[in-house]
Amino acid sequence: MQTRKRTIRHVVRIGLLLLALGPGVLPAQPASAQALTPEEALKRFKLADGFDVELYASEPLVRQPVTMTFDDRGRMWVIQYLQYPNPAGLKPLEVDRYLRTKYDRVPAPPPLGPKGNDKITILEDTNGDGRVDRVKDFVTGLNLASALALGNGGVYVGQAPYLLFYPDRNGDDVPDGDPQVVLDGFGMEDAHAVINSIQWGPDGWLYGAQGSTVTADVRGIGFQQGIWRYHPRTKRFELFSEGGGNTWGLDFDRHGNAIAGTNYSNAVCLHQVQGGYYVKGFSKHGPLHNPYTFGYFEHVTHQGHNGGHVTCGGIVYQGGDWPEEFTGAYIGANLLSNAVYFSALEPAGSTFRTRYVGTLLETDDVWFRPIDCLWGPDGSVFVADWYDKRANHVIPEDTWDKTNGRIWKIVKRGTRRAEPLALSKLPSDELVDLLEHANAWYRREARRILSERRDLTVLPRLRRMIATGREAVALEALWALYASGGWDEETSLSLLDHASADVRAWSVRFIGDDMPPLAPELRKRLVQMAEKETSLQVRSQLASTAKRLRAADGLAIVEKFLRRAQDNSDPHIPLLVWWAIEDKAISDSDRVLKILADPQIWLLPLVENTIAPRLARRYLAEETDASFSACARLLSLAPRSEDVLRLIAAMDQDFSGRPFDEVPAPLASLLARLWESADSDPIVTRFAMRMGNRAAYQRAVERMIDRNEPLKARLALVSAVGQAARADALPRLLKLLDESSSKGDAVRMAALAALEHYPSQSIAREVLDRYGQFTPELRSRAIGLLASRATWSQALVEEVAAGKIEAADVSVDQLRQMLALGDPALDRSIEARWGKVRPTTPGEKMSYVPVLGRVLSAGQGDLDSGHKLYMKHCGTCHTLHGEGIKIGPDLTTADRKNRDALLLSILDPSGYIRPEFVSQTALLNDGRLLTGLVTESSPREITIVDAKQQKTTLARDEIDQIHPSTTSLMPERLLETLAEQELRDLFSYLQSDAPQIRSAAKP
């Protein structure tokens, strides 16, 4: 093994020597792939059977296309994102590791602000040959304009921090004047996540997305990633849903469901529901803006291939002209895989799952970077191609090739060219006819124009279509009726009994959108629906709407939901019901608790599993006399002892740090009775101790050292006693380090974790004296403990210097943690023993790439050997082809085919860290320093998992400072342990497509 280490290290050192001698000494590198002409690129495409691809437009007519839309005449409008990635005229003051930039000022809107290079261009095919032959710029000089939508006699433009409106009332393709500022406050710190994907929703609202690395504050509503909406007529702005990936792409299926793009692994989209909270990069952004969600929705689960982890500009195909397998399919652009895939959207309760069906278009031209999709008047799909070899945006230098850009058109063979259009000139009755068109593009345009006209003469016909039309037609007519001003209370009441579930769901939605106090009859009908409605989709919307209503109305609906056992297993409904209750939990606690006064309701699954535990956590988290009183009332309402214990367990999971000095008065008598009757339960003991019960604390100390106690209970009590950090318990915690029973290692591991809370210098000596008795796992944990404080670290370094502990036992990451403590004497001691500990510079790491690239090119790798090496070196933190432990990113969807990029990501794991995998460094009030991934976050505490998979829960009031670490949890120099052939073996597996590994047993 030592020989292997020398082999790769020798190769790397030779490479560094050659680099130092000068670039001319390095062997010639393989020529990088060059940009292809549009005609050459066209020949490299592979398409699904029955389809062709045509070049619709290319440079110099269009460059860096980022988004596109069609007007009612069938002309394409496209934003050329030429100013990307940095806004013009602003001075960056600070840039963090996520490329979030603080600028010297907020720019004024156009035309007062700095002029950039972006422009909105109109592309037109005048002769019907399928290729653009007329180009006109509508507006130039934009500065990171990233979204557009047409309507209301003009163009809505997203240019952070603004949503602008350029009026063009006469339709001459020239703005009538300066733009109006519609909204202000969208985040602008990162050009990869700004306002995007604005488009008209079925209800006449203008919807849009914002990504993950910017922070918005629009009309006092703060958020990072999410879906927002704006109503041009009423001027209302709402955050429709919060969270998700770095969303770039939004569409609506035929039912009106919002489907958004993402950059998460193992997923291609999110189903964004009204009022929903979604997974986000918690370590990067902290908790959701509502800290009491106590749960969130994940991405739509996906089966099968999905390419790289970025799916952007996706559409739900409703063009009406393609084979049946495409109708309703999600077509997503995947820029990392240089491909466009399509997946089936299949029901999964009230939401969806996706399943890979096929590849619509792909190429081996690595410059092909599809970022937006759109279907048009003839049902064909258009793809905006950024066209650049570079896909990684984390390199700060602006090296993008801005000379290129293409828009491709994917055509089903035999498709007829669309006739020239002028939908805005059609009479309203003909627009209503278009609501039955097979291509949803016509339906959407007709609805938009009708909503602008608000022609009352079409309302009777729309009502008849809702009453007698086919399900899809009835829904289209309902959307048009609402957007055209025909919605009223009488209509809403009549449609709640409609045969179509979609019509019923959207009727419920519109009632909640108007947010009036409900008339008695309407409230009665909604309550009946909550009790008897058969459709999951309608019930899901009803739960969302209940949150928006007044407490008297919303909670009456919620009470009926609680009695529906079948909804307990739905992916969305339980949390939607909880969020409706949480919204009223503090302001209307009497109404909420009245619902739980019925003992029978506690037997229902939704109450037992979702509502009651979260409500207990919500009241405890508020920490006011009123909330403690509500907590006591909730506990007193619990009819069975197991219900009480469930509530206690829920509250206990949110409790961390030092216990209360005294039990809060509203809880004192109840908690005393509970402690007297259930002190044998370890959770009750721990909770009572944390709430300030002194007798419970003494009992916890006694039980944690009792070897007859169940191991799980002991470990929980050791953790709680450690968090209390009372001096009288320290000798007993130290004694646990000597436990040698069959369960002793687990107890000793817990004791080492508990000792972190004590600042005593004697702890270092106690641990070091026992170091020789520890297993390797305990030794690693002990060093992690000692590395968390400067004085303890000094004792550790002295022990190494004395030869009592091997220097190799202390990892480079642990040395860096000790150096991060900022103690000059400790720094000198470390340097005296280990030398200068510094990370390899990015330039040095990059120089290894061509050297190791030649090693990889020198022979073939073996998949069997590569699989074993992967499981040993990578699978401890990553998954690939379904194998491994998911701490770091899933490698299956990484850009694995790009060998140089893969090498650099291993050589320089800290060069770019995906937001959801950025570790945090926490400096605590007592001087400790901890580094790890934040895996859980609540109003009271966070949970950090370090590189050794050690989990530590910290109360927020324990933390002095917490900030993102510049160092990845993934260690450097992994490849130095491999022989040259092993390196080839490992990479053969890392770059393989779901290989079938042969059995390890050889014949």
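Note that the structure is predicted; figures quoted are calculated from it, not measured.

Asks: Give me the lowdown on the overall build of the chain, citing residues and values where you can.
Replies: When its secondary structure is counted, the chain shows 32 helices and 36 strands. Burial statistics for the chain: of 1003 residues in total, 58% are counted as buried. Of all intrachain contacts in the chain linking residues separated by at least 6 positions in sequence, the fraction that spans at least 24 positions is 65%. Of the roughly 40,100 Å² that the chain leaves accessible, carbon and sulfur atoms contribute 51%.

Asks: I'd like to hear about the sheet that holds strand β14 (residues 206-210), residue by residue, with values.
Replies: Judged by pairing direction, the sheet is antiparallel, and its four strands sit side by side in the order β13-β14-β17-β18 without closing on themselves. A single partner strand is all that each edge strand has here, and the edge strands are β13 (196-200) and β18 (237-242). Strand-to-strand twist across the sheet, computed as the mean angle between neighbouring axes with direction ignored, equals 20°. Two elements, strand β17 (residues 226-230) and β18, share five bridges in a ladder whose sense is antiparallel.

Asks: Provide a residue-level description of unusual backbone geometry, including the pertinent values.
Replies: A cis amide bond, omega 0°, links proline 110 with the succeeding residue proline 111. Tracing the chain through its elements places proline 111 in the loop between β6 (101-103) and β7 (118-124). In this structure, the amide linkage connecting alanine 160 to the following residue, proline 161, adopts the cis form with an omega of 10°. Position of proline 161 among the secondary structure elements: in the loop between β10 (154-159) and β11 (162-167). At arginine 219, a residue that is not glycine, the phi angle is positive and equals roughly 55°. Looking at the secondary structure, you find arginine 219 in the loop between β15 (216-218) and β16 (221-223).

Asks: Tell me what's going on with the packing of aromatic side chains, and back it up with residues and numbers.
Replies: Two aromatic rings, taken as a pair, are described by how far apart their centres are and by the angle between their planes. Evaluated as defined, the whole model comprises 38 aromatic pairs. Geometrically, the ring pair formed by tyrosine 207 and phenylalanine 252 is edge-to-face, given 5.1 Å between the ring centres and 75° between the ring planes. With a gap of 45 residues between them, tyrosine 207 in strand β14 and phenylalanine 252 in strand β19 (residues 250-252) connect regions that are remote in the sequence. The two residues tyrosine 207 and phenylalanine 252 agree in class, both being buried. In this structure an aromatic cluster arises from ring pairing among Phe51, Tyr317, Trp322, Phe326, Phe342 and Trp375.

Asks: Go over the side chain of aspartate 385 with me, naming the residues and quoting the values.
Replies: Inspection of the secondary structure assignment puts aspartate 385 in strand β28 (residues 381-385). No salt bridge is formed by the buried aspartate 385; the nearest opposite charge belongs to arginine 406, separated by 5.0 Å. Side-chain polar atoms of aspartate 385 contact the side chain of tryptophan 408, separated by 3.0 Å. With near-sequence residues (within four places) excluded, aspartate 385 lies in contact with Pro65, Trp367, Phe368, Arg369, Pro370, Gly405, Arg406 and Trp408.

The rules we used
- Residues numbered from 1 in each chain as written.
- Predicted model: local features only at pLDDT ≥ 70, side-chain atom pairs only at ≥ 80, totals over all residues.
- Heavy atoms only, no water.
- Helix = DSSP H or I, 4+ residues; strand = E, 2+ residues; numbered from the N terminus.
- Buried < 20%, exposed > 50% of the residue type's maximum accessible area, 1.4 Å probe, protein only.
- Contact = heavy atoms within 4.5 Å.
- Areas by Shrake-Rupley, 256 points an atom, 1.4 Å probe, with all protein chains shown as cover.
- Pairing = 2+ DSSP bridges.
- Axes fitted to C-alpha atoms, helices over the stretch in contact; angles between N-to-C directions.
- Phe/Tyr/Trp six-rings, centres within 6.5 Å; stacked < 30°, edge-to-face > 60°.
- Lys, Arg positive; Asp, Glu negative; His and termini not counted.
- Salt bridge = Lys/Arg side-chain N within 4 Å of Asp/Glu carboxyl O.
- Polar contact = N/O pair within 3.5 Å; in protein donor to acceptor, adjacent residues only side chain to side chain.

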